[in-house]
Amino acid sequence: MNLPSWDWPDAYPNADRTKKARHPLRLGRAEMFRDLCTFGLHDYKSDYRANSEVSAVEDPGQSWNALTVGAYTELTDTPQHPQYAGWVPLANAGELSPHSRTSHLFGQRKWPIKPDICMEGGNVFSDGNQMFEPKLPSLSLRSTSNANDSALTSANATNAATAKASRLAALAMGRNPDYWPETVRGLLTHSAEWSPAMNAEVASNSSKTARLQLLRNYGWGVPTEEAVLNSSNRAVTLVTQDQFVPFDGQSFAMRRFRLHKLPWPTEVLQELGANDVRLRITLSYFIEPTASRRGWRQRYAYASHSLRFDLQGPLETQQGFISRINREAQSDEDGASRSGTTSDRWFLGENQRKLGSLHQDEWHGTGSELAMCNSVAVYPVGGWWKNNNCADRRDFPVRYGLLLSLTTAEQDIDLYTPTATSYAFLVRLKSLAADQLR
């Protein structure tokens, strides 16, 4: 599917902007948001899921740097008016909204997973045949009205969903003013969870390819204000922001990378023993798209660069881990498949999560296994900057937000306190060291 791109990020202020990007929705610094369905689904059908799956996200919702917001719904209350006798909502509670589009028609090996998240977007009422009511107030959201004779009005579809996501982004930036747009985009996706209805579909598919197709319906689910703004005792989220020049040398041959130690104290993970844990990792960054539309490989690669993450294997030494990620980065550049050491533990796996510039995956295992996985690596894969040997991009630093969260279902295990104590101790040590250097 050959779609145009409006991916110009603020991260590359010197990029050529002579072809002005269109921004249907601009949120100050967080201009990564785009509305998924301004162009929306108006041709409703009783089998709305099949209809959504053949209705592709339209420009600019497909852009790599956007946080694309889809719509789901919990609104299923039916009006009692005799006019609607026998009518029913198309979607059940927690399912994809009939208003929402998907990315099933995208090139499966090239284009990003869209939407990234979902928010409430309302439902559609149907007589079960050919009549549909898409704007019923009881199946829509309430909002303030711009009409002189009305204080409130109804809103629905992904216009409403994107507005709700915008509020979460504003709250996140208000709480954490130092967060970059890349990080805020990653935070909303990292904080999302599937509704019970979505989770039932996900749990019934063990194939990583099938899971990827489900993500093309509703992304990573629905973020809540509580999850975006706070950690809990049983779910601790840590955020890292960093930047580095990805390649070195006259021919960009030397690959640089960042190695991040897992932030949880080893003894805490060991205490979990055979208890199941979920490690969720999100890597968010912006790319500079090529001006060329001649292809996707080598010098015509679409993205300026790509970043990847991987987790050190339980039986892998740090040097062995570094050697492996260098081999796999080269395999990515050559278009070959990879074989990570922990593939069976990942929800999507290394070959599925690398699409776009927002990468997320979940590692499932035991606490004692994770205690042996010491590090997460963030490393670059070459794009048109490297392939074209662009001298004016040689020393461009690339920045990213990396989010890690550890979750356990055990009720009597406190992950937050020992992690916070450990970090407070490290901060004090760094402060003392800085004072001694003055």
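1. Description of the overall build of the chain
- Of the regular secondary structure elements, the chain holds 11 helices and 18 strands.
- Pairs at least 24 residues apart make up 78% of the contacts formed inside the chain by residues separated by at least 6 positions.
- Carbon and sulfur atoms provide 50% of the accessible area of the chain, an area that totals close to 19800 Å².

2. Details of the environment of Ala235
- Residue placement: Ala235 occurs in strand β10 (residues 235-244).
- With a relative accessible area of 24%, Ala235 lands in the partly exposed category.
- For the pair Ala235 and Ala409, spaced 174 residues apart in sequence, the C-alpha to C-alpha distance is 9.1 Å.
- For Ala235, the residues in contact, after removing those within four places along its chain, are Leu406 and Thr407.

3. With respect to the side chain of Ser103
- Within the secondary structure, Ser103 sits in the loop between β4 (95-96) and β5 (117-120).
- At a separation of 3.0 Å, a polar atom in the side chain of Ser103 contacts the side chain of Arg216.
- Once residues lying within four places of it in the same chain are set aside, the contact partners of Ser103 are Val57, Gln108, Pro112, Ile113, Lys114 and Arg216.

4. Side note on the packing of helix α2 (residues 157-175) against helix α3 (residues 181-190)
- Close contact between α2 and α3 brings their axes to 10 Å; oriented N to C, the two are set at 120°. By the angle between their directions, the pair α2 and α3 is classed as oblique. In the packing of α2 onto α3, the handedness of the crossing is right-handed. In contact with Ala165, Leu168, Ala169, Ala172 and Met173 of α2, α3 contributes Val184, Leu187 and Leu188.
- Residues of the contact of α2 with α3, tallied by class, amount to eight nonpolar, no polar and no charged.

5. A short note on the sheet that holds strand β3 (residues 88-89)
- Sheet architecture is open: three strands sit in the order β3-β6-β7, paired in antiparallel fashion. Each end of this open sheet is capped by a strand with a single partner; those strands are β3 and β7 (132-133).

6. With respect to the pairing of strand β15 (residues 305-311)
- With seven of its seven residues buried, β15 lies for the most part within the structure.
- Side chains of β15 alternate between two faces, with His305, Leu307, Phe309 and Leu311 and Ser306, Arg308 and Asp310 buried alike.
- Note that β15 and strand β17 (residues 375-382) share seven bridges and pair antiparallel. If you follow Phe309 over to β17, its bridge partner there is Val378.

7. Regarding the side chain of Lys114
- Inspection of the secondary structure assignment puts Lys114 in the loop between β4 and β5.
- Engagement of the side chain of Lys114 in a polar contact is seen with the side chain of Thr68, the distance being 3.2 Å.
- Polar side-chain contacts of Lys114 include one of 3.2 Å to the side chain of Asp116.
- In contact with Lys114, not counting residues within four places along its chain, are Val57, Gly61, Gln62, Ser63, Trp64, Ala66, Thr68, Thr102, Ser103, Phe106, Leu215 and Arg216.

8. Describing the nonpolar core
- Judged by nonpolar contacts, the single largest core of 42 residues is most densely connected at Leu262, Trp264, Leu311 and Leu370.
- Broken down by secondary-structure element, the contributors of at least two residues to this core are β10, α7 (266-272), β14 (276-284), β15, β17, α10 (384-387) and β18 (398-408).
- Ranked by residues supplied to this core, first place goes to β18 with five residues.
- Not counting residues within four places of it along the chain, the set of residues in contact with Leu370 comprises Leu262, Leu269, Val277, Leu279, Leu311, Trp363 and Leu406.
- In this structure, Met173, Trp194, Leu212 and Leu403 belong to the second largest nonpolar core, which totals 36 residues.

9. Structural notes on the confidence of the model for the chain
- Here the chain averages 80 in pLDDT, while 80% of its residues score no lower than 70.
- Scored below 50 in pLDDT, residues 1-6 shows 24 contacts in the model against residues more than four places distant or in partner chains.

10. Some thoughts on the sheet that holds β14
- Strand order in the open sheet formed by four strands is β10-β18-β14-β16, and the pairing between neighbours is antiparallel. Since the sheet does not close on itself, it has two edges, and those belong to β10 and β16 (358-366), each with one partner. Between one strand axis and the next, the sheet turns through 15° on average, direction left out of account.
- Contacting β10, β14, β16 and β18, α3 crosses the sheet at an angle of about 25° to β18.

11. Considering α2
- Between its first and last C-alpha atoms α2 spans 28 Å; for 19 residues at 1.5 Å apiece the expected length is 27 Å, and the two agree.
- Those residues of α2 that sit buried are Ala157, Thr158, Ala160, Ala161, Thr162, Ala165, Ser166, Leu168, Ala169, Ala172 and Met173.

12. Thoughts on empty space enclosed by the protein
- The final tally for this structure, using the stated rule, is four cavities of 30 Å³ or more.
- Of the pockets and cavities examined, the largest cavity occupies roughly 130 Å³.
- Around the largest cavity sit 18 residues that line it, and Ile113, Asp116, Leu355, Leu358 and His359 are the ones nearest its centre.
- Of all elements in the fold, only α3 and β16 reach the threshold of two or more residues within the lining of the largest cavity.
- In terms of residue count, β16 provides more of the lining of the largest cavity than any other element does, three residues in total.
- Classifying every residue of the lining of the largest cavity by side-chain character gives nine nonpolar, five polar and four charged.

13. Brief notes about the packing of aromatic side chains
- Applying the stated criterion to the full structure yields 12 aromatic pairs.
- Here Tyr84 and Trp87 contribute two aromatic rings whose centre-to-centre distance is 5.3 Å and whose plane-to-plane angle is 80°, an arrangement assigned as edge-to-face.
- Pairing Trp194 with Phe347 gives two aromatic rings, centres 5.4 Å apart and planes at 40°, and the pair type is tilted. With Trp194 in the loop between α3 and α4 (196-203) and Phe347 in the loop between α8 (318-334) and β16, this pair connects stretches of sequence that are 153 residues apart.

14. Some words on unusual backbone geometry
- That bond from Asp59 to Pro60 is cis: its omega, 10°, falls within 30 degrees of zero.
- Following the sequence through the fold, Pro60 ends up in the loop between α1 (48-53) and β2 (67-73).
- Following Lys114, the chain continues into Pro115 via a peptide bond in cis, with omega recorded as 0°.
- As for its position among the elements, Pro115 is in the loop between β4 and β5.
- The residue Ala157 is not glycine, and still its phi comes out positive at about 60°.

Cut-offs and rules
- Residues numbered from 1 in each chain as written.
- Predicted model: local features only at pLDDT ≥ 70, side-chain atom pairs only at ≥ 80, totals over all residues.
- Heavy atoms only, no water.
- Helix = DSSP H or I, 4+ residues; strand = E, 2+ residues; numbered from the N terminus.
- Contact = heavy atoms within 4.5 Å.
- Areas by Shrake-Rupley, 256 points an atom, 1.4 Å probe, with all protein chains shown as cover.
- Buried < 20%, exposed > 50% of the residue type's maximum accessible area, 1.4 Å probe, protein only.
- Polar contact = N/O pair within 3.5 Å; in protein donor to acceptor, adjacent residues only side chain to side chain.
- Axes fitted to C-alpha atoms, helices over the stretch in contact; angles between N-to-C directions.
- Parallel < 35°, antiparallel > 145°, perpendicular 65-115°, else oblique.
- Left-handed = near helix turned anticlockwise from the far one by under 90°.
- Nonpolar A, V, L, I, M, F, W, Y, C, P; charged D, E, K, R; others polar.
- Pairing = 2+ DSSP bridges.
- Core = buried A, V, L, I, M, F, W, Y, C linked by side-chain atoms within 4.5 Å.
- pLDDT = per-residue confidence, 0-100.
- Expected span 1.5 Å × (residues − 1).
- 1 Å grid on protein atoms, 1.4 Å probe; cavity = no way out; pocket = protein on both sides within 12 Å on 5 of 7 lines; lining within 4 Å.
- Points joined across faces, edges and corners; volume = space filled by probe spheres on them.
- Phe/Tyr/Trp six-rings, centres within 6.5 Å; stacked < 30°, edge-to-face > 60°.

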